[in-house]
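Here's the letter readout for the chains.
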Amino acid sequence: MDTTDDPRKQNYSLPAVRLGEPTESYQERYGHYINLVDDPSRYSHIAGKQQIRIYVDGVFDMFHFGHARYIMQAKNMFPNTWVIAGVSSGETTSELKGRTVMSEEERCESVRQCRYVDEVICPAPWCLTLDFLDKHNIDFVAQGGDPYPMGDVPDIYKPIKDAGRFLPVFRTNTVSTTELISRIIAEYDEFLTRNLERGFTRHDLGINILTEKRLRVKKRVEGVQKRIHDYVADFMAYFYEPVSHRIYAYLSEGEAEEEEEEETTRKEPSNSATNSSSGPA
């Protein structure tokens, strides 16, 4: 692509334009996502195809911009790409990876709303086979390039890679579902207290009565602490600071007078010497 062109005018699917964002800034951030496969001719199985079908898969729990960027890369592998997103089932995910925050239906619906997705398969298999790709007329699978081990299998995508139907994508390391959940856990009490204040009951939040009482008492204590802090701050502003300023001004004035006296003392000997040298010879 000509680097002077605006990627927003190309035949690719890119993120929405942020109001006021300069073209140069947009191009620097997303221009490298365009035409990721620079030599399609090396893939003989897509020769002559007008539209390339690429499959992406995942749990997609708490769908975030890292997921969207992953799918965006698949969408922009070729100028005309049809993206099929496979969403793993709740049962399989719980068994192999752990419990999800969102239900299978919620995860599926979140992926459907992504602007880069054209079709969704849910539930989708955890381990892909070439038969599955052929059944859904899938040309490539797009995933992170690192091996994905499971049990005794060092990389579940190895058969796809060996068949030349795998396209690596970059991961967004600044966000993950695990990291988002960790943030929520770190601020757990704050979230619970805020929702209690908004009118949710302990039954709505799934907490017992002791936890509710503890949070309400904690909130009252924090309120008292804040009022004490504000009172002390007001006291300092109205009484201590003016007095300290006056004391500082007085001390500064005294230091200035002392410096003036020292300067006068230094000048007196020089004046005496001048008078004695100007007398009769």
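Just so it is clear, the structure is predicted and the values come from calculations on it, not from any experiment. (Residues numbered from 1 in each chain as written. Predicted model: local features only at pLDDT ≥ 70, side-chain atom pairs only at ≥ 80, totals over all residues. Heavy atoms only, no water.)

### A closer look at the overall build of the protein
- The helix and strand inventory of the protein stands at 10 helices and five strands.
- When the 281 residues of the protein are sorted by exposure, 32% land in the buried category.
- For the protein, restricting intrachain contacts to residue pairs at least 6 apart in sequence, the fraction spanning at least 24 positions comes to 68%.
- Approximately 18,900 Å² of the protein is accessible, and the part contributed by carbon and sulfur atoms is 53%. (Helix = DSSP H or I, 4+ residues; strand = E, 2+ residues; numbered from the N terminus. Buried < 20%, exposed > 50% of the residue type's maximum accessible area, 1.4 Å probe, protein only. Contact = heavy atoms within 4.5 Å. Areas by Shrake-Rupley, 256 points an atom, 1.4 Å probe, with all protein chains shown as cover.)

### Examining the nonpolar core
- In terms of nonpolar packing, the biggest core is built from 30 residues, with I54, V56, I71, F78, F140 and L167 touching the most fellow members.
- Those elements that place two or more of their residues in this core are α1 (23-30), β1 (52-58), α2 (65-75), β2 (81-88), β4 (140-144) and β5 (166-169).
- It is α2 that contributes the most residues to this core, five residues altogether.
- Setting aside residues no more than four positions away along its own chain, F140 makes contact with Y43, H45, I46, I52, R53, I54, Y55, F78, G164, R165, F166 and L167. (Core = buried A, V, L, I, M, F, W, Y, C linked by side-chain atoms within 4.5 Å.)

### A short note on the environment of M62
- Counting through the fold element by element, M62 comes out in the loop between β1 and α2.
- With 45 residues separating them in the primary sequence, M62 and R107 have C-alpha atoms 7.3 Å apart.
- In contact with M62, not counting residues within four places along its chain, are H67, V101, M102, T177, L180, I181 and I184.

### As for the pairing of β4
- Counting buried positions along β4 gives five out of five residues, so the element sits mostly inside the fold.
- Where β1 lies against β4, two bridges are found, and the strand directions are parallel. Looking across to β4, one finds that I54 is bridged to F140.
- Note: β4 against β5, four bridges, orientation parallel. In the sheet register, Q143 faces β5, and the bridge partner there is P168. (Pairing = 2+ DSSP bridges.)

### Looking at a nonpolar patch on the surface
- On the surface, a nonpolar cluster with roughly 490 Å² of combined accessible area is contributed by V224, I228, Y231, V232 and F235.
- Here F235 shows up in helix α10 (residues 209-277).
- Its relative accessible area of 41% is what places F235 among the partly exposed residues. (Patch = residues over 30% accessible without salt bridge, like charges linked within 9 Å, V, L, I, M, F, W, Y side chains within 5 Å. Salt bridge = Lys/Arg side-chain N within 4 Å of Asp/Glu carboxyl O.)

### So, the sheet that holds β4
- Taken together, the five strands give an open sheet; going across it, the order is β3-β2-β1-β4-β5, and neighbouring strands pair in parallel fashion. The strands lining the two open edges of the sheet, one partner per strand, are β3 (119-124) and β5. On average, adjacent strands in this sheet sit at an angle of 30° to one another, irrespective of strand direction.
- With four bridges joining them, β2 and β3 adopt parallel strand pairing. Residue pairing in the sheet places S88 in a bridge with A124 of β3. (Axes fitted to C-alpha atoms, helices over the stretch in contact; angles between N-to-C directions.)

### Brief notes about helix α8 (residues 188-197)
- Among all positions in α8, only L192, T193, N195 and L196 are buried. All buried residues of α8 fall inside an arc of 165° around its axis, so they share one side. Opposite its buried face, α8 presents the exposed residues E190 and E197, each directed more than 90 degrees away.
- Downstream of α8 by a residue or two, G199 has a phi angle that is positive, lying close to 110°. (Arc of directions from axis to C-beta.)

### Things to note about α1
- Among the residues of α1, Y26, Q27 and Y30 are the ones counted as buried. Projection of α1 onto a plane perpendicular to its axis shows the buried side chains occupying an angular sector of 95°, all on one side. In α1, those exposed residues whose orientation departs by more than 90 degrees from the buried face are E24 and E28.
- Check the buried side of α1 and you find it contacts α2.

### Some details on the side chain of H64
- Counting through the fold element by element, H64 comes out in the loop between β1 and α2.
- Non-local contacts of H64, meaning those with residues more than four positions away in its chain, are made with V175, S176, T177 and L180.

### Comments concerning the packing of aromatic side chains
- With the rule as written, the count across this model stands at eight aromatic pairs.
- Ring geometry for F78 against F140: centres 5.7 Å apart, planes inclined by 20°, an arrangement best described as stacked. Taken together, the residues span a long stretch of sequence, with F78 in the loop between α2 and β2 and F140 in strand β4 at a distance of 62 residues.
- What makes F140 buried here is its relative accessible area of 0%. (Phe/Tyr/Trp six-rings, centres within 6.5 Å; stacked < 30°, edge-to-face > 60°.)

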